[in-house]
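What follows is the residue order along each chain.
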Amino acid sequence: MRSDRKSEKEFKKQKKKNTKIKGFSRFLSIIYTLAVLCFIGLLIWLNVVPAKYLYPIIGILIVISLFIAPVMFSRNGKPGRRKVAMIIASLLIVVFGVGIYYLNTTLDFFNSITSIGGAREDFYLIVNASSSYEEAKDIEGKTVGVHTDTESTYSEAKKELKKEVDIEYEYVNEMPVLIDSLVSGERPAIFISAASYESMRGQNSLIEEKVKIIYKISIRVESRNTTDHVNVTKEPFNIFVSGIDTEGSIDTVSRSDVNMIITVNPKTKRILMTSIPRDSYVKLASKGASDKLTHSGIYGVNETVATVEDFMGIDINYYVKVNYSTVIKLVDAIGGIDINSPFGFYTHGMKAKYYFQEGYNHLDGSQALAYSRERYSFSEGDIQRNKNQQLILSAIIEKATSSSTILSEYTSILNAIKDNIETDMEKKSMTSLIKMQINDMSSWTIERQSITGENGNEYCYALGMNAAVVIADEVSIAQAVDKIIEVQTGETTE
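Criteria and cut-off values
- Residues numbered from 1 in each chain as written.
- Predicted model: local features only at pLDDT ≥ 70, side-chain atom pairs only at ≥ 80, totals over all residues.
- Heavy atoms only, no water.
- Helix = DSSP H or I, 4+ residues; strand = E, 2+ residues; numbered from the N terminus.
- Rg over C-alpha atoms; globule rule 2.2 N^0.38 Å.
- Contact = heavy atoms within 4.5 Å.
- Areas by Shrake-Rupley, 256 points an atom, 1.4 Å probe, with all protein chains shown as cover.
- Lys, Arg positive; Asp, Glu negative; His and termini not counted.
- Charge placed at Lys NZ, Arg CZ, Asp CG, Glu CD.
- Buried < 20%, exposed > 50% of the residue type's maximum accessible area, 1.4 Å probe, protein only.
- Polar contact = N/O pair within 3.5 Å; in protein donor to acceptor, adjacent residues only side chain to side chain.
- Axes fitted to C-alpha atoms, helices over the stretch in contact; angles between N-to-C directions.
- Parallel < 35°, antiparallel > 145°, perpendicular 65-115°, else oblique.
- Left-handed = near helix turned anticlockwise from the far one by under 90°.
- Nonpolar A, V, L, I, M, F, W, Y, C, P; charged D, E, K, R; others polar.
- Pairing = 2+ DSSP bridges.
- Phe/Tyr/Trp six-rings, centres within 6.5 Å; stacked < 30°, edge-to-face > 60°.
- Salt bridge = Lys/Arg side-chain N within 4 Å of Asp/Glu carboxyl O.
- Core = buried A, V, L, I, M, F, W, Y, C linked by side-chain atoms within 4.5 Å.
- Patch = residues over 30% accessible without salt bridge, like charges linked within 9 Å, V, L, I, M, F, W, Y side chains within 5 Å.

Visitor: Mind laying out the overall build of the protein chain, listing which residues take part and the relevant values?
Guide: Counting its secondary structure elements, the protein chain contains 14 helices and 19 strands. Its C-alpha atoms give the protein chain a radius of gyration of 30 Å, more than 25% over the compact-globule value 23 Å for 494 residues. Taken over the C-alpha atoms alone, the protein chain extends approximately 110 × 65 × 45 Å along its principal axes. Partitioning the intrachain contacts of the protein chain with sequence separation of at least 6 by distance along the chain shows that 72% fall at a separation of at least 24. For the protein chain, the accessible area works out to roughly 24,700 Å², and carbon and sulfur atoms hold 54% of it. Distance between charge centres in the protein chain, computed from 56 positive and 60 negative side chains, equals 20 Å.

See below:
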């Protein structure tokens, strides 16, 4: 009798246990189904996997799912098969979870770098460093010096400042005169763009010690609306890379210190990097006045792109805007880069001083940025800096696209740079390029060239004074354009 009661008790216990297992199994089947559907949906939505891989992947997942999902969900399935199905499902849920994370990170990256709502231009209210003024309200009732710049963003910023504090404006034609009047104590304050201030500070580092910024106003600037886009997997295209001389937010308007045209021919798998000296003396597209190319960045990336198009006589299809933070974070995310430096040199005028030896150097992010910025150590100055920038970019591309780096640091790379890069290339074009590369896994030939020129001293519109410039060599420009056309047409001069 006791034996029967014991058996009945164990039976009920086992039945209860089986019921729990079945309940968990059914729950797991629902989680699995949602995970596989989410994974497949994101895979299709991202659209980077070629059809020859995508369809087999989906087919295999459907076959596996038809085996394990019904077994887990069924109330009458065999316990052995249910356990096997649950084990497989658990493993695949982990795989899908990792896959969904990678796919979501990629989508977030594309959305971040292509969500161009306009750049931000900052304007500073500046006073003499020895004055007692500490905030905007302290200059109530005063007359503030401003430049005769007719930029709409400057006008908007001046209106915003007058909403904050009751002041009058006095206009000055030349920026150096405006700065000097503040330093000498002739006027209590001036109001100029942050980029203009940085440009003036670049000409005279002592300015920073003599003045102080007490208020800042940010104005949104409309971004370039490019219509000359192409089918990037079938047609050659030009990307303009503008590297601004700031850290932090990518939507800041500032000087364009790196100016590079990257010509891509997807059919011949050729990439040509063409560097233009930052101090090239050019005519600003919207001003009709001459200045350094770097100062075009003060008026936004639109101005720089249009100016380069006029200067080179070619069409720019897309732009990519980066800053100091982009280089630092990207290089650190991929574990540093290796370069073969043609020179040994020290850096100058930077927060930290570095030495790079001739030959092999392993660089972290800060070192890579310093290497690409140095120019005072070279007789060719900015020309050699352009070559160094190309060397750094080539090393980044080589390291970032290696299979081991992509697999181990993929999400780290995207998360590191998503807030420090901006482009007007559509998500569809970028995913098409990725899909093309995955489909054929072809290697690319990377070539480099630089515009050359001679040093000069000319009047610069943004500074309102003469400054050191580079007078580009017309033959060098013509040869560079010929090379760009050669790559675009798929021809070769060899």
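Visitor: Lay out helix α10 (residues 365-373) with the relevant residues and their values.
Guide: Those residues of α10 that sit buried are G365, A368, L369, A370, Y371 and S372. Those residues of α10 that are buried lie in contact with α9 (324-333), β12 (337-341), β13 (345-346), β14 (355-356), β15 (359-363) and α11 (382-400). Its side-chain oxygen placed 3.3 Å from the backbone nitrogen of S366, D364 serves as the N-cap of α10.

Visitor: Which residues make up the packing of α9 against α10, and what values go with them?
Guide: A pair of packed helices can be characterised by two numbers: the angle between their axes and the separation between those axes. Where α9 meets α10, the closest approach of the two axes is 7 Å, and the angle between their N-to-C directions is 135 degrees. Relative to α10, the element α9 lies oblique. Crossing of α9 against α10: the hand is right-handed. For the pair α9 and α10, the contacting residues are Y324, V327, I328, V331 and D332 in the first and G365, S366, A368, L369 and R373 in the second. Residue classes in the contact of α9 with α10 are distributed as 6 nonpolar, 2 polar and 2 charged.

Visitor: Residue-level account of the sheet that holds strand β16 (residues 421-423), with values.
Guide: The 6 strands lie next to each other as β16-β11-β6-β7-β8-β17, forming an open sheet whose pairing is mixed. Looking at strand neighbours, the two that pair on one side only are β16 and β17 (445-450), the edges of this open sheet. Strand-to-strand twist of the sheet, defined as the mean angle between neighbouring strand axes without regard to direction, takes the value 20 degrees.

Visitor: Any chance you could break down the packing of aromatic side chains for me, citing the residues and the numbers?
Guide: Taken as a whole, this structure holds 17 aromatic pairs when the rule is applied. Measuring from ring centre to ring centre gives 5.9 Å for F109 and F110, while their planes differ by 55 degrees; the resulting arrangement is tilted. Residue F110 is classed as buried on the basis of its relative accessible area, which comes to 4%. Arranged with centres 5.9 Å apart and planes meeting at 85 degrees, the rings of F237 and Y318 form a pair that is edge-to-face.

Visitor: Kindly report on unusual backbone geometry, identifying the contributing residues and their values.
Guide: Even without being a glycine, N47 presents a positive backbone phi close to 60 degrees. Looking at the secondary structure, you find N47 in the loop between α1 (2-46) and α2 (51-73). When its relative accessible area of 35% is taken as the criterion, N47 is described as partly exposed. A positive phi angle, close to 60 degrees, is found at K269, a residue other than glycine. With respect to the helices and strands, the residue K269 is situated in the loop between β7 (256-265) and β8 (270-275). Residue class for K269 comes out buried when judged on its relative accessible area of 10%.

Visitor: Lay out the pattern of salt bridges with the relevant residues and their values.
Guide: Inspection of the entire model under this criterion finds 18 salt bridges. Residues participating in the shared-partner salt-bridge network are D257, R278, D279, K292 and R375.

Visitor: Could you give an account of the environment of V253, with specific residues and numbers?
Guide: For V253, the position within the fold is in the loop between β6 (237-244) and β7. On the basis of relative accessibility, which here comes to 5%, the residue V253 falls in the buried class. Sequence spacing of V253 and V177 is 76 residues, and the spatial spacing of their C-alpha atoms is 24 Å.

Visitor: Lay out the packing of helix α3 (residues 79-114) against helix α13 (residues 427-440) with the relevant residues and their values.
Guide: Packing of α3 against α13 brings their axes to within 10 Å, and their N-to-C directions diverge by 135 degrees. Judged by the angle between their axes, α3 and α13 are oblique. When you trace α3 past α13, the crossing you get is right-handed. Counting all contacts with α3, which are made through L107, F110, I113 and T114, the residues of α13 involved are K427, M430, T431 and I434.

Visitor: How would you sum up the side chain of N259? Please name residues and give values.
Guide: Take N259: it is sitting in strand β7. Residue classification places N259 among the buried residues on the basis of a relative accessible area of 1%. When neighbours within four sequence positions are excluded, N259 is seen to be in contact with F240, V241, T274, S275, I276, R278, L293 and T304.

Visitor: Tell me about the nonpolar core, and name the residues and values.
Guide: Core analysis: the largest hydrophobic core is formed by 70 residues, its most contacted members being Y32, F96, F237, I337, L363 and I392. Of all the elements, α3 adds the most residues to this core, at 11 residues. Ignoring any residue separated from it by four or fewer positions in sequence, one finds F96 in contact with Y32, A35, V36, F39 and L61. Listed in part, the 37 residues of the second largest apolar core include Y133, I139, Y154 and A467.

Visitor: Before we move on, can you summarise the pairing of strand β18 (residues 453-460) with the specific residues and values?
Guide: The sheet contact formed by β18 and strand β19 (residues 465-472) spans 8 bridges and is antiparallel. Looking at β19, one finds that E454 is bridged to I471. The loop that links β18 with its antiparallel partner β19 comprises 4 residues; one of these, G464, has a positive phi angle of about 70 degrees.

Visitor: Before we move on, could you go through the environment of L178 and cite the residues and values that matter?
Guide: Structurally, L178 is set in helix α5 (residues 175-183). A relative accessible area of 0% places L178 in the buried class. Taking the C-alpha atoms as reference points, L178 and E198, separated by 20 residues in sequence, lie 14 Å from one another. If we ignore the near neighbours within four places in the chain, the residues touching L178 are G145, V146, H147, V172, R187, I190 and I192.

Visitor: Run through a nonpolar patch on the surface, naming residues and quoting values.
Guide: Taken together, the side chains of F24, F27, I30, I31, L34 and F73 present a nonpolar region at the surface, about 580 Å² in accessible area. Counting residues per element, the nonpolar patch draws most heavily on α1, at 5 residues. Assignment of secondary structure puts F73 in helix α2. What makes F73 partly exposed here is its relative accessible area of 39%.

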